[in-house]
Structure formats: C-alpha cells, structure tokens
Amino acid sequence: MRHKLEVTGVKMEYGLRQILTDVYLTGETGEVVGLFGRNGSGKTTLLKIIFGSLHPINHHVTIDGKYFGQPYKQGNLIAYLPQHHISPAKMTVEKIIRLYSVNQAAREDLLKNNNLKPLLKIQTRDLSYGQLRYFEILLLVHLDVKFVLFDEPFSGLDPQHKELISELIQKLKTSKGFIITDHDYRNILKVSDRFVLLKDGYCRKIAGSKELETLGYLPEGITPAI
C-alpha cells in the first residue's frame, strides 16, 4: 500500500522576515523527493515543520488524508535526521542498536550489517564523521515509519559513505518515502525521483538539473542533463 504525505499552506516568520509564504509539498512511499534551495531559503525549517518539532504561523500536514499537528508523536509515521549528530557520545554502537531498535528484525539486521560489525564495540564519540553519519542514517531508516526526512545526509562524507547511503536509500524506498535536502546537489540529483526547489518562500517543481541552471540555482553547464 502506498502512503501519501501532503504539506499545505505553510507560513513561517523569524522576526520581521517571512521565510515560508505558502508552501505546498507532497511525498509518497516508493519515491525520493530532492529538496533544493540556497542557504537561508528555509529547507531545514520546512523539514522541522513537517516533522512537527517546529510550530509555524500556519501549516497543514496530512498522511493518507489524516491531519497530524505533530506527526513524530505518533511513533510510526515519520523520522527526521537533523544536520547535527543524534547519538549519545559515550555509548557503543551495539548498545545504541539494542536500546533504540524498535523490533527484533531491525535489531538483527543492524547487528549483522557488514559495515557496522567492526564498529559495534566502539563508542560513537570515537567514530569518524562518516562512520557516525552512516550509522545514524542506518538506525533511522530501520525505524518502523512511513516517511524519512534527511537534512544534509551527504555533507562532509567521503565518497565511499556517500555511495553506501545512496544504495541504502534506493533499497529502502520500496517501503518508505524520503524527502532529502543537501548542498551536495550531485548526490541529490542521483538518488531522487522528483525534484523541488524552495525559493522565495514557496516550493516549485523542477524537471531536472537544466531547469535548476535556468533558475540560477546551479551554474550553467555544471551538470549533465537529468
């Protein structure tokens, strides 16, 4: 069964500055939505509003047609990876998996993951940035939720971890919907099924990288046509 997330009428101000004016955005399980936008355009703000941890002037978030004021409180609807780390620093990878995995199947899958096995006895504060980011993403996508929001999942990672994360998203999008934003636009273009540009306070559907060039988000000729 496909599930649909729909966000309408989002308005948000910081002081006298209106960040989001009338945002409309949708996502479905089985697809990855790439959210583009320059610094300060409101991408992180929008993800937090969808998640339910930030309260704007106005917004309406529905999943399968049902309204949720704070979707994250339901437990089985939505997960959000912020730009900062979310793991306890003085806890081993294995202990975090055993504490935070919601079911036995997810727990066993994580414990048997070949990329995590060498890290299980290590505290997260001793992991490299890429190792920790990859682990946190793995932990999050194994939650029993319908939608996952990623804020800068590729930022600061080496090519190997970027590839691992891209493969993971493609594998799990059969059962989940993803909304991803990152300044590493090449990986967003690569992994996404649909593109949206957040500019001047609202979301605009984008056909591909050439349209992003036309709109001035990317320099002309920097990407192949997608």
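Residues numbered from 1 in each chain as written. Predicted model: local features only at pLDDT ≥ 70, side-chain atom pairs only at ≥ 80, totals over all residues. Heavy atoms only, no water.

### Concerning the nonpolar core
Where we set the bar: Buried Ala, Val, Leu, Ile, Met, Phe, Trp, Tyr and Cys residues that are joined via side-chain atoms within 4.5 Å together make up what is termed a nonpolar core. A simple rule labels every residue: compare its accessible area, found with a 1.4 Å probe on the protein chains alone, to the largest value its type can have, and call it buried under 20%, exposed over 50%, or partly exposed in between. Helix and strand labels come from DSSP, where a helix needs a run of H or I of at least four residues and a strand needs a run of E of at least two; each type is numbered from the N terminus. By definition, residues are in contact when any of their heavy atoms lie within 4.5 Å.
Counting residues in each nonpolar core, the largest one holds 44 residues, and the members touching the most others are Phe36, Ile97, Phe150, Ile169 and Phe178. No other element matches the eight residues that helix α4 (residues 129–141) contributes to this core. Phe150 has contacts with Leu47, Leu81, Ile137, Leu140, Val141, Ile169, Phe178, Ile179, Ile180 and Thr181, leaving out every residue within four places of it along the chain. Leu5, Met12, Val23 and Tyr80 belong to the second-largest nonpolar core, a separate cluster that totals 27 residues.

### With respect to the sheet that holds strand β1 (residues 4–14)
The strands that make up a sheet pair up through hydrogen bonds in the backbone, lying either parallel or antiparallel. Rules: Note on pairing: two strands pair once DSSP finds at least 2 bridges between them. Angles run from 0 to 180 degrees between N-to-C directions of axes, and those axes are lines fitted to C-alpha atoms, restricted for helices to the stretch in contact.
The four strands are arranged β2-β1-β4-β5 in an open sheet whose pairing can be described as antiparallel. The open sheet has two edge strands with one neighbour each: β2 (17–28) and β5 (66–67). Here β1 pairs with strand β4 (residues 58–63) via five bridges, running antiparallel. The partner of Lys11 across the bridge, within β4, is Asn58. Packed onto the sheet, helix α1 (residues 43–51) meets β1, β2 and β4 and runs at close to 125° relative to β1.

### A few points about the side chain of Thr62
With respect to the element layout, Thr62 can be found in strand β4. What makes Thr62 buried here is its relative accessible area of 8%. The contact partners of Thr62, leaving out residues within four places of it in the chain, are Lys4, Leu5, Glu6 and Tyr67.

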